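One letter stands for each residue in the lines below.
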Amino acid sequence: MAILHIITAPDRRLKVKSKPVEAVDDAIRRVLDDMLETMYQAPGIGLSGVQVGVPKCLITVDVSRDDEEDAPLFLVNPEIVAYSEELETYNEGCLSLPDQFADLERPGEITVQYLDYHGAPQQLRADGLLSRCIQHEMDHLKGRLFVDHLSAVKRGMILRKLEKIRRQKVSA
Ligand code: GNR
Ligand code: NI
């Protein structure tokens, strides 16, 4: 297992559309294991392949609380097959937009089909934080970040702030 580097915005690699996985083999499982370890270490509740430079349709999620058992979830080639009409608002963050948060409306409940860690087809109905996290990760697979849901003004503010932080780090 290995900790992978998480790409932060602005970076063109975060805009790449991820490719479906052809077979869930040992090489894919190794990437999933590394993604999970990277996500726990960050720490975050979700991670997509594209964020660690692997533009394949791979997602890890764990929305269990600190006082609960770990509940890792691996989603390969996820497809959302149903959305609730009701929208919910949640203050979203992203490991690729460090320390940046914004309220975002999304459908509260989803049904997602995917392949699990063993390549078996699964269907999951999710609400609350799990639904939020899966929708956020699926945006990454389409090359989208949560700031892409905001107005151009708000998005520009966040991205310029991150550019400035990067320039300070490079010159330090
Ligand atoms: O750790 C994360 N927390 C989070 C909080 C609200 C909505 C979405 C997320 S996902 C984020 C990790 C991440 O950036 N995954 O891509
Ligand atoms: Ni994210």
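Cut-offs applied
Residues numbered from 1 in each chain as written. Chains lettered and ligands numbered in written order. Predicted model: local features only at pLDDT ≥ 70, side-chain atom pairs only at ≥ 80, totals over all residues. Heavy atoms only, no water. Patch = residues over 30% accessible without salt bridge, like charges linked within 9 Å, V, L, I, M, F, W, Y side chains within 5 Å. Areas by Shrake-Rupley, 256 points an atom, 1.4 Å probe, with all protein chains shown as cover. Salt bridge = Lys/Arg side-chain N within 4 Å of Asp/Glu carboxyl O. Lys, Arg positive; Asp, Glu negative; His and termini not counted. Charge placed at Lys NZ, Arg CZ, Asp CG, Glu CD. Helix = DSSP H or I, 4+ residues; strand = E, 2+ residues; numbered from the N terminus. Near = heavy atom within 4 Å. Polar contact = N/O pair within 3.5 Å; in protein donor to acceptor, adjacent residues only side chain to side chain. 1 Å grid on protein atoms, 1.4 Å probe; cavity = no way out; pocket = protein on both sides within 12 Å on 5 of 7 lines; lining within 4 Å. Sits in = over half its atoms within 2 Å of the grid points. Nonpolar A, V, L, I, M, F, W, Y, C, P; charged D, E, K, R; others polar.

Novice: Quick one: what's the story with a negative patch on the surface, residue by residue and with numbers?
Specialist: Taken together, the side chains of E85, E86, E88 and D127 make up a negatively charged region of the molecular surface. With respect to the element layout, E86 can be found in the loop between β3 (73-83) and β4 (87-92).

Novice: Talk me through the site of ligand 1; I want residue IDs and the actual numbers.
Specialist: Around ligand 1 lies a shell of 13 residues, among which I45, Q51, L95, E137 and H140 are the nearest. Within the backbone of G46, an N or O atom sits 3.1 Å from a nitrogen atom of ligand 1. Contacts to ligand 1 include E137, whose side-chain N or O atom sits 2.6 Å from a nitrogen atom. When ligand 1 sits alone it has 380 Å² of accessible area, and the protein chains cover 90% of it. Among the detected pockets, ligand 1 sits in the largest pocket. For the shell around ligand 1, the secondary structure elements donating two or more residues are β4 and α2 (128-141). Split by residue class, the shell around ligand 1 holds 4 nonpolar, 6 polar and 3 charged.

So far we have only geometry, and geometry alone does not tell us how the molecule works.
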